[in-house]
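The residues making up each chain are set out below.
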There are 4 protein chains.
Amino acid sequence: MVTVTFKVRFYETDMMGVVHHTNHIRWFEMGRVEYLRQAGVDLNELMAEDILFPIKKVSCEYIESVTFDDELILETTMPSVSRAQMTFNYILRRKRDGALIAKGSTQNVFINMKTGKIIRLKGDKIEKLVAFVEAEKNGI
Amino acid sequence: MVTVTFKVRFYETDMMGVVHHTNHIRWFEMGRVEYLRQAGVDLNELMAEDILFPIKKVSCEYIESVTFDDELILETTMPSVSRAQMTFNYILRRKRDGALIAKGSTQNVFINMKTGKIIRLKGDKIEKLVAFVEAEKNGI
Amino acid sequence: MVTVTFKVRFYETDMMGVVHHTNHIRWFEMGRVEYLRQAGVDLNELMAEDILFPIKKVSCEYIESVTFDDELILETTMPSVSRAQMTFNYILRRKRDGALIAKGSTQNVFINMKTGKIIRLKGDKIEKLVAFVEAEKNGI
Amino acid sequence: MVTVTFKVRFYETDMMGVVHHTNHIRWFEMGRVEYLRQAGVDLNELMAEDILFPIKKVSCEYIESVTFDDELILETTMPSVSRAQMTFNYILRRKRDGALIAKGSTQNVFINMKTGKIIRLKGDKIEKLVAFVEAEKNGI
């Protein structure tokens, strides 16, 4: 599990007085970027090799609303990964009381940035990623 | 089915050269606002009575990417509605060729804006909404 | 003067109950894109030739707030243009009553997308643009 | 001078491959919120008393572009403050090399959230704020 901690920004709220629901999904992006970074896979390095990993599916369930200045903890895990795709799960909690705010999931595929075609991740990158995910599952 | 047509704005793209996936979900909002409006339920009127309908669940599947200046058609339907909650389905198509871009769904509940508690929609509003949904299903 | 008409989207509001001030500046982008299009200069065509016109300076004065569902008219003019840079002025009005909502200005330079260096617009493009601006000034 | 350090998020980029220019202005908001907090004026407390401080004017000059994952330092100062309005200046630097990225300014007025009318900040709040600004100017 990889965690990212951050505060809600004022512009992320809407006229309901709480955070607009699309921001949770924007925050998930920070979670998977950080997950991959800790696994040794840097997004800027991938892009330098024309590799991207766009979202194919996203889902999110909202349990409690959050608002400006709330401090949040985003926990990201990767239940499955292959050369062709990754699944990430996200749990969002309020730091102050640990309350469950939202939980979500994304499915990402690897594509070539220039052709837009789905590709398979090779060599070092997929090995590091699989090793990291396995280590996590084994609680290492 | 209620349709909204619009063009992709430049700021909705990201450095992958395509629209960031959270914008599709922002566009869905336009779809349900317009659906309710055509059903005779105005969001500003609801808010004037302290009624809101936040998202409880959202999901989206991305089939093809879109980019700046693409003209899109958003088709919104409401497979189910009750006094306590609404489900909306969304189909996003590119206008030029009708290509399927994304499909999604949201589940919304009615709440009191001040208490944050779930409420049941009453009177005129739920009647108009149910009548509209039924008429749609019957292809009227 | 080139005009664009649009409605405020719900997600553009913030917890003050009105549109967040950065959206006005996002809307200005629609104004200059449309201005250039009407002048015969298409942004996608420019990008296909690796030409971009990033913002060097922006300013905006806010006269009256707007909120969800307000219909707005954005009027864009180009007080000056050269091979190296463009200045745009923007006036934002509420459609219902013509009320002045905001006025702003941007200064854009032409750059090569790959080198990031400032360039001078050549040939057809600058000629069409200058002709359009002159025709506007002369009230043609 | 009050500083805030943060990293550029992926969704803040656009198809030019760099951060969209409206995000700098969104970041400025974090700067003034933190400035006021350090001066002892909490935005949530102000809102609890129906006090808001919307933007009347904003300007920004962009010196160098930034992109995903760049770490930035935002320096906020307050050149002038009165019971009716505040002016903030912002300097944005890249952390890695100290490069000047952008500089901007906002003018904010105090208003009553319910009436929308301009008000004058009273008592404790304006005193703490003036004292903080003076201490800063005197390099205390």
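These numbers come from a predicted model, not from an experiment.

1. Focus: the sheet that holds strand β6 (residues 100-109) of chain B
- Strand order in this open sheet of 10 strands is β1(A)-β4(A)-β5(A)-β6(A)-β3(A)-β3(B)-β6(B)-β5(B)-β4(B)-β1(B), and the pairing throughout is antiparallel. At either end of the open sheet lies a strand with only one pairing partner, and these are β1 (2-7) of chain A together with β1 (2-7) of chain B. Mean inter-strand twist for the sheet, computed between neighbouring axes without regard to direction, equals 15 degrees.
- The pairing of strand β5 (residues 85-94) of chain A with strand β6 (residues 100-109) of chain A spans 9 bridges and is classified as antiparallel. The residue bridging arginine 93 of chain A from the neighbouring strand is leucine 100 of chain A, located in β6 of chain A.
- Docked against the sheet, helix α1 (residues 21-38) of chain B engages β3 (55-62) of chain A together with β1, β3 (55-62), β4 (71-81), β5 (85-94) and β6 of chain B, running at close to 60 degrees with respect to β4 of chain B.

2. Some words on the pairing of strand β4 (residues 71-81) of chain A
Residues and elements named next belong to chain A.
- In terms of strand pairing, β1 meets β4 through 6 bridges, oriented antiparallel. Note that in β4 the partner of threonine 5 across the bridge is isoleucine 73.
- Both β4 and β5 contribute to a ladder of 8 bridges, which runs antiparallel. Bridging from a neighbouring strand, leucine 74 pairs with leucine 92 of β5.
- Taking the residues that link successive antiparallel strands as the turn, the β4-β5 hairpin has 3 residues.

3. Structural notes on the relation of the copies chain A and chain D
- Each copy of the sequence occupies a distinct position, and chain A is placed on chain D by a rotation of 180 degrees and an axial shift of 0.0 Å, giving an RMSD of 0.0 Å. Such values leave the two copies arranged in the relation of a two-fold axis. Of every C-alpha in chain A, the one belonging to phenylalanine 6 of chain A sits nearest the axis of rotation, 5.0 Å from it.
- A shared binding surface is used by both copies, with 100% of the interface residues of chain A retained as interface residues in chain D.

4. Structural notes on the interface of chain A and chain B
- Listed as interface residues are 24 residues of chain A and, on the opposing side, 24 residues of chain B.
- Summing both sides of the interface, chain A and chain B together bury roughly 2100 Å²; the carbon and sulfur share of this comes to 60%.
- There are 0 salt bridges connecting chain A and chain B.
- Remark: the boundary between chain A and chain B carries 8 residue pairs in polar contact (both at pLDDT 80 or more).
- The set of elements that each furnish at least two residues to the side of chain A that touches chain B consists of α1 (21-38) and β3 of chain A.
- Broken down by element, the side of chain A that touches chain B gets its largest block of residues, 8 residues, from β3 of chain A.
- Here the side of chain A that touches chain B is built from residues that sort into 13 nonpolar, 5 polar and 6 charged.

Criteria and cut-off values
Residues numbered from 1 in each chain as written. Chains lettered and ligands numbered in written order. Predicted model: local features only at pLDDT ≥ 70, side-chain atom pairs only at ≥ 80, totals over all residues. Heavy atoms only, no water. Pairing = 2+ DSSP bridges. Helix = DSSP H or I, 4+ residues; strand = E, 2+ residues; numbered from the N terminus. Axes fitted to C-alpha atoms, helices over the stretch in contact; angles between N-to-C directions. Contact = heavy atoms within 4.5 Å. Least-squares fit on C-alpha atoms with pLDDT ≥ 70 in both. Buried area = accessible area lost by both parts, 1.4 Å probe. Salt bridge = Lys/Arg side-chain N within 4 Å of Asp/Glu carboxyl O. Polar contact = N/O pair within 3.5 Å; in protein donor to acceptor, adjacent residues only side chain to side chain. Nonpolar A, V, L, I, M, F, W, Y, C, P; charged D, E, K, R; others polar.

Keep in mind these numbers describe shape, not what the thing actually does.
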